[in-house]
Amino acid sequence: MGRTTVSGNKGHKKTAQRKLMVQSHSPKQNGNGGAKRLPSLALDTQLLRTIHKLMVTSRVLEERLIKIYKIGEAYFWIGGPGEEAFGVPLGLLVDKGQGVNHDWLHMHYRATPTLVAMGMPLIDSIRLMRNRATDVSTGGRNFSNHYCYPKWNVAPVSSPIEVQYSQCIGTAWAQRRRKAKGITIVTGGDAGTAEGDFATCLVWASRPKNELPLLMTVQNNKWGISTSYETQHGEKHTSDRGKAFGIKTSVINGNDPIESYLALQEAMQYVRDNTKPFLMEAMVSRLYGHSSASGTSFIATEDDCIKLFEEKLLRHGILKADQIKNLWTELHDECQVLSEKVKHEPPPSSDSVWDHVYANNENADWRKF
Amino acid sequence: MANMAQAVRMALHYGETYMGVTDIFGEDVGAPMGGVFTATQGLKTTWNTPLDERGIIGMATGIAMTGDRCVAEIQFCDYIFNTIDLLKIVGNTHWVTNGQVTLPMVVMTPVGAGIFGSIYHSHSFDAWATRLPGWKVVMPSNPLDAYGLMLSAIEDPNPVLFLEPKALLRVKGTELIPGEPADEKKLKMMIDAPLGDRTKWTPQWPKLEKYMIPIGEAKITREGSQATIVTYGRHVLVANQVADELLRQGVGIEVIDMRSLYPYDWQAIKKSIKKTGKVLFLNEDTEVTNFGEHLALRATSELFYELQAAPRVLAGKNLPGIGLHPNLEENSVPQKHHVMEEIQALVNEVP
C-alpha cells in the first residue's frame, strides 16, 4: 500500500497509513459478494481480478488505437494509457445512469479506463478513433477519447483544456438544488490547473451555504505536452489550492489501483453524505506521451501501473502468470478483430455536416433561410 | 407602457412561473439589486454569482446539460469576451455529439453604445455573436418584442443569445404586453422595487399572457418603396426617425427590424430589396467583418440584377473603443444624421 496524505478542511494535515482491512464493498457491477478477501490487499480477490482485467482491457484498447494511428489509418490519437489504476476504480465506483439522481462525469481526453470500467463496448472507442459514422459519441466528428454518453451522464469531452471544470458546477448545482442522490465528478490533468477554470471550480464549489456535491480530481502526470510541472508550478501539490477554500483534499498514488479505489470510495462517500466538494490529486504516469503529436512511444522510465499491479497479484497468488498472459493475448486478438471490422464501416457522409447544428435538425444553413 | 427592462423582467417572471425556468443568475442579478438595469428585480429564481463570467457560462452549460432551463446574465457584453471559447463549446455541443446533447439555455447581455459608457460599457457583440454557429441570436428594439423574444428564447431547445440594446432598456414601448396594466404608474407600483430597504418588498405581478415572437421572423416597421434599411436594436428607432422625416419630404424608406440575427429572415429582406432596389445595412458594431457585410454580400450575390445601387453598410468605425466624451462616441457609432446622409445618398444614386 502506498501512503496517502489526507487534509481536513481546517487546514491541518495528517499522513495516514490506510487501513488494510477495508469496509465492506459491494458494487453491483462486480458481483463479488462473499468472495474471499486478502487482508494485505484490502479488496476482495474477485474485485482485484476485475480491476486487473479492466485495466488490461483499457491498455490493450489504447495500444490498438495507437497502432491504428501509426499505420496511417487515423489522423490523431490521444488517450489514457498510464492512468488505468485511477480511471478503472473511478468507473467501477460511479453511480452510473441518466439524470441528476446518478453521478455526472465531466472528464478529459484520458477517460478510456473509466469508460471501459463503466461498461463501454470496446468497439465504441475504435469507431471514435476511426471517425466512423457508427461512432456513438460524435458520429465521426471528433478525436479519440472525446467520449459522450448521455445515458451514463458522461458529458461530452472537448479539447480545450480545463473547460470541464467550469461546466461541472452546473450539473452539481442542479443536483444540489434538487437534493438529488447523484454527485458530480470532474477529471483533468495537472497542467490544466493553471487555467482560470480550475479557480472557477474552487470558488463556485465552495460558496458558503451553497457548497456543491462535487469531486474534483487532478490526474497529475507532471507534464503538459513537453513542459514539466516543476518548471511552471510553485505549489507543492495542486490539491493544496483547495485548502484555501475549506475544501477537503488528498494526494494519492494513482498508480496503485487499490489505493485509488479506497480513496475514491471514501471521497465520493464524503461528497455524497455532506453535499460538499472534495479535491483529490492522483499521481499517475503518462506512458505514451501526450498524444500522437509527441510520438506515441512507450516511456519505460515511467511507472507502469499494470506491471506493478500484476507483480502484486502474482506475489499473492491471486493470478497466475499464464492467466495474465492469456488475458493480454485474448484482448489483443479481440481488439484486432474489432479494428478490422470497424475499418470497413461507413464514414460519415459529406452532406451530413449540417446535421445537428440545431436541435431537431432545424435548418442552420443560411443559404436556405 | 412598460420599458424594456420591465418587459424582460415580466418575461422572466412568466418563464419561471409557467415555462420551467429554474435559475436566473449573474452578477448582482439577485436581491437586493435585481440587476444593474433592474431587469431581474423581484423574481423568485434569481441568485447572485461570483464575479466570474466563465463561471456564469459554465454554470449555465452544466444546468442545461441536466435539462433544466436557465437564463444567465453577463452584466455587460464588454465582459463576455473571456468566455468566447465556452460559448463556442456551447454552440458546437449538439453538433459534435451528433445530436445527443442539447443545451437549452439563454444568455442575456446588454450591448452597444448610447449611454456614454466609455470603452467598457459600449461594446457591441452582434458581429461576434453571429460567428458562434449553433447559437440563435436575437436583439429586440422595443419592450413588446423583448417580451416575446425572451419567451421564445426560453422555450427554444437551443442556446439563445439575447442581446439587449442597453440604450433602450429604459425606453417605454408603444404597445401593451398582453396582461400589462395600461396605467404605467400602476405597473411601476406593482413590479418596481422601492428605493432603500427592499427586504419586505414582494412584487405584485400582473396576470401576464404567453406571447411569442418566432425566432427568425423580422418586422417591417416602416413601409416605403425607394430604399430599404435593414437594422436591429437601437438603430431601428434611428432608422424609423429618418424614414419619418424623409416621408414628410416625399421619400419612402422601408425599415426592417431583423429582431433575429441568426437565423435571420432573408425572405423578408429579399422581398423588400426586390421592391426598392436599394438597401442600407445599419448597425453599430465595428465595420470590418461586420454582420452587415455578410448581408450585403448576399444581397449583391443573389439580387445583383435587381439592384439599382450597390448595397451599403453603415456601422461603427473600426476603432478600438468608444471614447467617453460625446464628441468621441457620436463620431464612432452611426448617429441619426449619419444615417440620413447615407440613405439620402443611396436614394439619389443613379445607376
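Position numbers for residues start from 1 in each chain and track the written sequence from start to end. To read the labels, note that chains go from A and ligands from 1, taken in the order they are written. Note on the predicted model: pLDDT of at least 70 is required for a residue's local features to be given, and 80 or more for side-chain atom pairs to be given and counted; whole-chain, interface and lining totals, by contrast, use all residues. Computation of side-chain values: all heavy atoms of the structure, hydrogens and water removed.

Engineer: Before we go on, may I ask you to explain the overall build of chain A in this structure?
Structural biologist: Segments assigned H or I by DSSP are reported as helices when at least four residues long, segments assigned E as strands when at least two residues long, and all are numbered from the N terminus. What chain A contains, in helices and strands, is eleven helices and nine strands. Throughout, exposure labels follow a simple rule: accessible area from a 1.4 Å probe, protein chains only, divided by the maximum for the residue type, with under 20% read as buried, over 50% as exposed, and the rest as partly exposed. Among the 369 residues that make up chain A, the fraction classed as buried is 60%. Should any heavy atoms of two residues lie within 4.5 Å, those residues are considered in contact. Long-range pairs, those at least 24 residues apart, make up 73% of the contacts in chain A with a sequence separation of at least 6. Residue exposure ignores everything except the shown protein chains as possible cover, and the areas themselves are Shrake-Rupley values with a 1.4 Å probe. Put simply, chain A shows about 14,900 Å² of open surface, and 51% of that area lies on carbon and sulfur atoms.

Engineer: Can you walk me through the sheet that holds strand E12 (residues 312–316) of chain B in this structure?
Structural biologist: Strand pairing in a sheet is mediated by backbone hydrogen bonds. Such pairs are either parallel or antiparallel. All names here are of chain B. A pair of strands is labelled paired if DSSP reports no fewer than 2 bridges between them. The strand order E7-E9-E8-E11-E12 describes an open sheet built from five strands, whose pairing is mixed. In the strand order of this sheet, the two ends are held by strand E7 (219–222) and E12, each with one partner. Averaged over all pairs of adjacent strands, the angle between their axes in this sheet comes to 25°, without regard to strand direction. Sheet strands in contact with helix H7 (residues 234–248) are E7, strand E8 (227–231), strand E9 (253–257) and strand E11 (279–286), and its direction is about 165° off that of E9. Under this scheme, a helix contributes an axis fitted over its contacting stretch, all axes are lines through C-alpha atoms, and angles between N-to-C directions fall in the 0 to 180 degree range.

Engineer: Help me out: how do you make sense of the environment of Thr-289 of chain B in this one?
Structural biologist: Residues and elements named next belong to chain B. By secondary structure assignment, the location of Thr-289 is in the loop between E11 and helix H9 (291–303). Accessibility expressed as a relative area gives 61% for Thr-289, which makes it exposed. Between the C-alpha atoms of Thr-289 and Ala-127, which are 162 residues apart in sequence, the distance is 7.4 Å.

Engineer: Is there a simple way to explain the packing of aromatic side chains in this structure?
Structural biologist: Each aromatic ring pair is characterised by the separation of its centres together with the angle its planes make. Paired rings are identified among Phe, Tyr and Trp, the last through its six-membered ring, by centres lying within 6.5 Å, and are further divided according to the angle between planes into stacked (under 30 degrees), edge-to-face (over 60) and tilted (the rest). Per the stated rule, a full pass over the model turns up 22 aromatic pairs over all chains. Plain terms: the ring middles of Phe-76 of chain A and Phe-143 of chain A are 4.3 Å apart, the flat faces sit at 40° to each other, and that makes the pair tilted. Of the two residues, Phe-76 of chain A is situated in the loop between helix H1 (45–70) and helix H2 (84–93) and Phe-143 of chain A in the loop between helix H4 (122–129) and helix H5 (163–177); the sequence distance between them amounts to 67 residues. A residue is classified by how much of its surface remains accessible, and Phe-143 of chain A, at 36% relative accessible area, is partly exposed. A ring pair is formed by Tyr-14 of chain B and Tyr-18 of chain B, whose centres lie 4.7 Å apart and whose planes are at 45°; its orientation type is tilted. In this pair, Tyr-14 of chain B and Tyr-18 of chain B are both assigned in helix H1 (residues 4–18), four residues apart and thus about one turn of the helix distant. For Tyr-18 of chain B, a relative accessible area of 53% corresponds to the exposed category. Grouped by ring-pair contacts, the aromatic residues Phe-369 of chain A together with Tyr-232, Tyr-262, Tyr-264, Trp-266 and Phe-291 of chain B constitute a single cluster. Ring-over charges, as used throughout, are those where CZ of Arg or NZ of Lys falls within 6 Å of the ring centre and within 35 degrees of the ring normal. Note that Lys-151 of chain A overlies the ring of Trp-152 of chain A, its terminal NZ or CZ placed 4.9 Å from the centroid. Across the ring face of Tyr-358 of chain A, the terminal group of Lys-136 of chain B is positioned such that the distance to the ring centre comes to 5.4 Å.

Engineer: Would you mind showing me how to read the side chain of Ser-158 of chain A here?
Structural biologist: Mapped onto the elements of the fold, Ser-158 of chain A is located in the loop between H4 and H5. We classify Ser-158 of chain A as buried; its relative accessible area is 19%. Beyond its immediate stretch of four places on either side in the chain, Ser-158 of chain A contacts His-146 and Val-163 of chain A together with Ile-89 of chain B.

Engineer: How should the interface of chain A and chain B be read in this particular structure?
Structural biologist: It is common to give the size of an interface as the accessible area lost on bringing the parts into contact. Contacts between the two partners involve 43 residues from chain A, matched on the other side by 43 residues from chain B. Roughly 3,600 Å² of surface becomes buried between chain A and chain B when both sides are summed, with 61% attributable to carbon and sulfur atoms. A per-residue breakdown of the area chain A buries against chain B is headed by Trp-204, Tyr-358 and Phe-369 of chain A, which together make up 21% of the total. A side-chain nitrogen of Lys or Arg and a carboxyl oxygen of Asp or Glu constitute a salt bridge if their distance falls within 4 Å. At the junction of chain A with chain B, the criterion picks out five salt bridges. We note a salt bridge from Arg-177 of chain A to Asp-68 of chain B, for which the minimum N-O separation is 3.0 Å. Side-chain atoms alone can form a polar contact between residues adjacent in sequence; in general such a contact is a pair of N or O atoms within 3.5 Å, and within protein one must be able to donate a hydrogen while the other accepts it. One can count 22 residue pairs in polar contact (both at pLDDT 80 or more) joining chain A with chain B. For the side of chain A that touches chain B, the elements supplying multiple residues, two or more each, are strand E3 (104–106), H5 and helix H6 (196–205) of chain A. Two parts placed together each lose some accessible area under a 1.4 Å probe, and adding up what both lose gives the buried area.

Engineer: Is there a simple way to explain the sheet that holds strand E4 (residues 105–111) of chain B in this structure?
Structural biologist: Residue and element names in this part refer to chain B. Read from one edge to the other, the open sheet built from seven strands follows the order E2-E1-E3-E4-E6-E5-E10, with strand pairing classed as mixed. A strand with exactly one partner marks an edge of an open sheet, and here the two such strands are strand E2 (46–48) and strand E10 (260–262). Direction aside, the axes of adjacent strands within the sheet are offset by 20° on average. Where strand E1 (residues 21–26) lies against E2, three bridges are found, and the strand directions are parallel. Within E2, the residue paired with Gly-26 across the bridge is Asn-48.

Engineer: How should the pairing of strand E5 (residues 214–220) of chain A be read in this particular structure?
Structural biologist: Along any regular strand the residues' side chains alternate between the sheet's two faces. All names here are of chain A. Burial of E5 is extensive: seven of the seven residues sit out of reach of the surface. The side-chain alternation of E5 yields two buried faces, one formed by Leu-214, Met-216, Val-218 and Asn-220 and the other by Leu-215, Thr-217 and Gln-219. By the bridge criterion, three bridges tie strand E4 (residues 184–186) to E5 in an arrangement that is parallel. Its bridge partner being in E5, Val-186 is matched across the sheet by Met-216. Pairing of E5 with strand E9 (residues 278–283) involves six bridges; the strand directions are parallel. In the sheet register, Asn-220 faces E9, and the bridge partner there is Met-283.

Engineer: For this particular structure, what's the right way to read the layout of surface pockets?
Structural biologist: Rolled over the atoms, a probe sized like a water molecule indicates the empty space that remains. All names here are of chain B. Cavities and pockets were defined on a 1 Å grid built from protein atoms only: a cavity is a group of points that admits a 1.4 Å probe but offers it no way out, a pocket is an open group of points flanked by protein on both sides within 12 Å along at least five of seven lines, and a lining residue is one with an atom within 4 Å of any such point. Grid points are joined across faces, edges and corners, and a volume is the space filled by probe spheres set on the points. Considered as a void within the structure, the largest pocket measures approximately 430 Å³ in volume. Lining the largest pocket we find 22 residues, and of these Thr-130, Arg-131, Tyr-262, Phe-291 and His-294 sit closest to its centre. Elements with a minimum of two residues in the lining of the largest pocket: helix H4 (126–129) and H9. Ten residue types, Ala, Val, Leu, Ile, Met, Phe, Trp, Tyr, Cys and Pro, are classed as nonpolar, four, Asp, Glu, Lys and Arg, as charged, and the remainder, Gly among them, as polar. Residue classes in the lining of the largest pocket are distributed as 14 nonpolar, five polar and three charged.

Engineer: Looking at this model, I keep getting lost on the confidence of the model for chain B. Mind explaining?
Structural biologist: Low-pLDDT portions of the prediction should not be read for the details of their coordinates. Scored from 0 to 100, pLDDT records how confident the predictor is in each individual residue. Per-residue confidence for chain B gives a mean pLDDT of 97, with 100% of residues at or over 70. At the level of chain-chain contacts, confidence expressed as ipTM amounts to 0.96, with global pTM at 0.94.

Engineer: What should I look at first to understand the pattern of salt bridges in this one?
Structural biologist: If the charged atoms of two oppositely charged side chains come close together, the side chains can form a pair. Residues and elements named next belong to chain B. In total, this model carries 31 salt bridges over all chains according to the counting rule given. Note that Glu-254 is salt-bridged to Lys-275, the shortest N-O span being 2.6 Å. With Glu-254 in strand E9 and Lys-275 in helix H8 (residues 266–276), this residue pair connects regions lying 21 residues apart in the sequence. Overall, Lys-275 belongs to the partly exposed group, its relative accessible area being 45%. Put simply, Arg-312 and Glu-349 hold a salt bridge, and the shortest N to O gap is 2.7 Å.

Engineer: Is there a simple way to think about empty space enclosed by the protein in this case?
Structural biologist: With the rule as written, the count across this model stands at five cavities of 30 Å³ or more. Put simply, the largest cavity is a space of about 70 Å³. Lining the largest cavity are Val-111, Gly-112, Ser-124, Asp-126, Met-139, Pro-165, Tyr-232, Gly-233, Arg-234, His-235, Asn-283 and Glu-284 of chain B. Sorting the residues of the lining of the largest cavity by element identifies H7 and E11 of chain B as the ones contributing at least two each. By residue class, the composition of the lining of the largest cavity is four nonpolar, five polar and three charged. Considering only enclosed or pocket space, the second largest cavity measures out at about 40 Å³ in volume. Along its surface, the second largest cavity is lined by Glu-83, Phe-86, Gly-87, Leu-90, Met-107, Arg-110, Ala-111, Thr-114, Thr-187 and Gln-219 of chain A. Ranked by residues supplied to the lining of the second largest cavity, first place goes to H2 of chain A with three residues. A breakdown of the residues in the lining of the second largest cavity according to their chemical character gives four nonpolar, four polar and two charged.

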